[in-house]
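Chain and residue survey
In case you want the letters, here they are:
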Amino acid sequence: MKLNIDGLLVYFPYDYIYPEQYSYMLELKRTLDAKGHGVLEMPSGTGKTISLLSLIVAYQKAYPLEVTKLVYCSRTVPEIEKVVEELRKLMDYYTKQTGAKNDFLALALSSRKNLCIHPEVSSLRFGKEVDGKCHSLTASYIRAQHHSNPSQPVCQFYEEFDSVGRQVPISPGIYNLDDLKDLGRRKGWCPYFLARYAILHANIVVYSYHYLLDPKIADVVSKELAKKSVVVFDEAHNIDNVCIDSMSVNITRRTLDRCQTNVETLQNTISKIKETDAAKLREEYRRLVEGLKEANVARETDIYLSNPVLPDEILQEAVPGSIRTAEHFVGFMKRFLEYLKARLRIHHVVQESAPQFLKDIFEKVCIDRKPLRFCAERLRSLLRTLEIADIADFSAITLISHFATLVSTYSKGFTIIIEPFEDKTPTIANPVLHFSCMDPSIAIKPVFGRFQSVIITSGTLSPLDIYPRILDFRPVTVASFTMTLARTCLCPLIVGRGNDQVAMTSKFETREDFAVIRNYGNLLLEMSAVVPDGIVAFFTSYIYMENIVASWYEQGILENIQRNKLIFIETQDAAETSMALEKYQEACENGRGAILLSVARGKVSEGIDFVHHFGRAVIMFGVPYVYTQSRILKARLEYLREQFQIRENDFLTFDAMRHAAQCVGRVIRGKTDYGLMIFADKVSKLFGKKHANFSLSFNCYFSPQRYARADKRGKLPRWIQEHLTDGSLNLTIDETVQLSKHFLRQMAQPFRQEDQLGLSLLTLEQLQSEDMLQKIAQIAHQA
Amino acid sequence: MDEEPERTKRWEGGYERTWEVLKEDESGSLKATVEDILFQAKRKRVFESHGQVRLGMMRHLFVIIDSSRSMEDQDLKPNRLTSTLKLMEYFVEEYFDQNPISQIGIIATKNKRAEKLTDLAGNPKKHIAALKKAVDSTCVGEPSLYNSLNVAMQTLKHMPAHTSKEILVIFSSLTTCDPANIYELIKTLNGLKIRVSVIGLSAEVRVCTILTRETGGTYNVILDESHFKELLMQHVKPPPASSSSECSLIRMGFPQHVIASMSDQDAKPSFSMSHLDSTGEPVLSLGGFYCPQCRAKYTELPVECKVCGLTLVSAPHLARSFHHLFPLEAFQENSLEEYKGERFCEACQGELKDKSVFTCLACKKVFCVECDLFIHDTLHSCPGCMQTDGRS
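Residues numbered from 1 in each chain as written. Chains lettered and ligands numbered in written order. Predicted model: local features only at pLDDT ≥ 70, side-chain atom pairs only at ≥ 80, totals over all residues. Heavy atoms only, no water.

1. Notes on the sheet that holds strand E7 (residues 252-253) of chain B
Residues and elements named next belong to chain B.
- With mixed pairing, three strands are arranged side by side in an open sheet as E7-E14-E13. Both edges of this open sheet fall to E7 and strand E13 (303-304), since each of them pairs with a single strand only.
- Bridge count for E13 against strand E14 (residues 311-312) is two bridges, and the pairing is antiparallel. Residue pairing for E14: Glu304 is matched across the bridge by Thr311. (Pairing = 2+ DSSP bridges. Helix = DSSP H or I, 4+ residues; strand = E, 2+ residues; numbered from the N terminus.)

Spelled out as structure tokens, the structure:
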């Protein structure tokens, strides 16, 4: 259907539209008009992707000079593929409606592992191996050697692409990963490099977060994207963690050992080259004197090493004299390495800031700040000069050089923690140096700075105001949309007590409490008897799950549950988990029924959807707080408090709630789906604003401190909160079972599309009616 | 083993949250719509049955009753099993009332096994007796959908092609214990044109959805006892015959009831043939129905003659199923606001309060929803029209 969104003609490839989609597009349009950033929350299963694509594509077509490119970032390869399929549908619709031939180029980009068509290289299993192997076939000097010595193997696909591919622009169309591979095979071009080259002039690029957020990759792939691009981060509820991870470095003793070998190899190579080709080293020296700017101009395949956001002014400067010659630099690295080794030889935990670390290193081994800053760049240059083919081997020394550069560049936002052993195994020495980023805004800053519009969107972003704060940007639109439903197809329940009135909680002190574990077991047992097909249960951690399951086994609860449903368990082993998942789905399919026990923050909670019968109920045992005793977390909390005035508890609750919401959101994947969401914890204060008074008066009696701030905002997404009534708070197991039975019977009644029409599903005529437009205006909730 | 506490008291069982029904719905149209949808479904049923469709009048129906552990649940009073069996008794009577030339059989499944309570037969008494006996049985273990469907299929597949072959499953459990892949069985059932319908007592189970969708049956889940009864009664009406089922002429006998008095010297007491397979004591009787073909005697109709295999029915029986062929036309639905006449239902004389009224197209009399349903489900003729007919 053709829509008029605030004066913009938008083609929407379906006959029906959800009211919230319309509202979403309105907000999106406003954001693009203002050339600003936006934070938009809309529940999963309501067609976020297609709304985003339809509007932005329409915008691009209407104002080709205002928005030149859409960069769509998703998290996993299947998600990327899904986006491309939606896009294909949209483009087909355009062609059908306008009759004009499609002149849009859209493509997906993924790692070499997913795109390589070289027969030998693509058979390798790990991404790192593929990258390394590919590099050893395509690096510029290898190809130069190939010219003089044809026996030196090169990748024929890359050669072909390099000689013709750049001149011939890729024809407009929609390319997913397989399409790219097909095209590559047909033409004999390397799909990976083709895609990387094509994103420069593509209208739409779909790829993973890391290509934009991880400075090491972004520098190579996304550097030349136009400023007038619109960047979308889908499923962005974890974006701060992605940012932090991309900037953090962990150094173990193993890393240092491997680094040691790296340094030795370097030294040997240098001395060898010195004998044969001293001119090369001299040439490099000259280059370094002139400055790094030139060093930057290298062929695209020379991705030796990466460059963590180096401020531009460093690139202007020349490399300091002390590390300019190759031997001096290796000597310098050796000294640095020895220093790190010495630091790891400790028996107590050390936590210090970056300036403290620099001061200490200056006192102990006389290493200055300035050469440290150039470490990464210098190593990069050296490796290029030495023509070492397999860069995979040098990951250790690369890591160390990154660390050196980062620690000397940023005096704020990072912390260094050296732990002599893990908390769980205090007797085994396993020293780790965590150089941990505490400020996600560092990694994402270039993105916000560079592109005119950045949209952050997900099903669970509540509370919305926290993201702009921790990512340090100023959005023009912040909105949360609810799901309009013809029937209440989600049923959140908060179970606070067992039938024996013992409060259920996963609070650390009461974890081992026998009564709590038994009550959790009873809850699962009772639910397994009333919920059909699949139930997914989430625990707060693997250890907690193991303890509880062992305890249930002893109490005979497991045996009773197995009469109703089979039990499957997620483990840390990926292969085992996917096997369990497969069997779980089979059991749901043929009527035996199954329960999947899994862990919040685990693989299942993030990436796997339980549509329809695969998940009729999800049970959260406890609130998935992060492990609060971790020093890294403590440091981050402290930083958040000092820098952004976010209280520790606020952040912890926010983090726990977004994971809880993410977990329970797994079961509702659309409007025809339905499911129970059961939170088994008495901390009901977290679940809503309007019930605050109720829980306050009720709970004060038990523990005034814990509930003193009960009036704070509910941290769950609005689309879940609005279905929480007073009647679904602080229930006993019995009450829960009754409510569930009632709900499931209601939902089992026949439900056809006509029932939705006009309420939660609109035709074009219905959409244009006056009062519907008014209703839609209410859907968007400005935070 | 933890022991389930005996739940004998009513107040320990389900909470009947009657106040929720009355609760003002502030969030808009949410809760009301579910009821709306149900109301629509009710009406739809009336409409559906009124097309000029061929119906499978000769039905062979197997009812599979889940007797597993979950039937002990007390959300139906006094428990699911007793409530189900009670309704089944009523169902069997209704079934034979509406489908005099059809047969029924009952299978119970528990403890992973399926057990035939009664074989396919056209005599309601035997079935009801079996149902009465089943009340005392204990509910143990899991049901097996596969086994029970298999048992039913073994008998049904030998039935002639012109009959309607059906299975109705009353499924309380949410799990089934199957010895083999049930999807294979579903394919076979589909091939044999056996229609499987399911009434769920607790919630929607995926495998039942597939089962009914593939075999062309219906799948419903009950809300409460009255809804259960309603759903069960839907299965009383013969289903539309599949277009591929054959047509054939069926020989039938219409035996006359011969009443012999004791004073009659010629009358000799004799046994009824239907006693042959019953376990009860054979009873001598004087009168009865005599098969017009072989003169075998039966005390009850309808029955299939044990000797010559002729179907024996009485004329009123056939006449009763006649209305399926010429159903009463659906009444026209109008909203109450539009209706300008007197606000009384023609049938029950009650005030019209629902949001819509129903008008008979022939006599233009108006009726309320309940009466509309009653007229179409039970009376099969419009009281308004009868009145005018009588006068003219």
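From this point, the narrative continues.
2. Considering the interface of chain A and chain B
- The partner chain B presents 39 residues to the 40 residues of chain A that form the contact.
- With both chains or domains summed, chain A and chain B bury close to 3400 Å², and 48% of this area falls on carbon and sulfur atoms.
- Across the chain A-chain B interface, the total number found is five salt bridges.
- Residues Arg616 of chain A and Glu204 of chain B are paired through a salt bridge, measuring 3.9 Å at the closest nitrogen-oxygen approach.
- Counting across the chain A and chain B interface gives 11 residue pairs in polar contact (both at pLDDT 80 or more).
- Counting residues per element, the ones that place at least two in the side of chain A that touches chain B are helix H24 (514-530), helix H26 (557-564), helix H27 (574-589) and helix H34 (733-747) of chain A.
- Broken down by element, the residue count for the side of chain A that touches chain B peaks at nine residues, all from H34 of chain A.
- The residue inventory of the side of chain A that touches chain B, partitioned by class, reads 15 nonpolar, 11 polar and 14 charged. (Contact = heavy atoms within 4.5 Å. Buried area = accessible area lost by both parts, 1.4 Å probe. Salt bridge = Lys/Arg side-chain N within 4 Å of Asp/Glu carboxyl O. Polar contact = N/O pair within 3.5 Å; in protein donor to acceptor, adjacent residues only side chain to side chain. Nonpolar A, V, L, I, M, F, W, Y, C, P; charged D, E, K, R; others polar.)

3. Structural notes on the confidence of the model for chain A
Residues and elements named next belong to chain A.
- Looking at chain A as a whole, its pLDDT mean stands at 82, while 90% of the residues score no less than 70.
- Contacts from residues 297-309, a stretch scored under 50 in pLDDT, to residues over four places away or in other chains number 48 contacts.
- Counted against residues more than four places away or in other chains, residues 688-713, with its pLDDT under 50, gives 35 contacts. (pLDDT = per-residue confidence, 0-100.)

4. A look at the side chain of Asn262 of chain A
- The residue Asn262 of chain A is located in helix H13 (residues 253-276) in this model.
- Those residues in contact with Asn262 of chain A, other than ones at most four positions away along the chain, are Asp393, Phe394, Ala396 and Ile397 of chain A.

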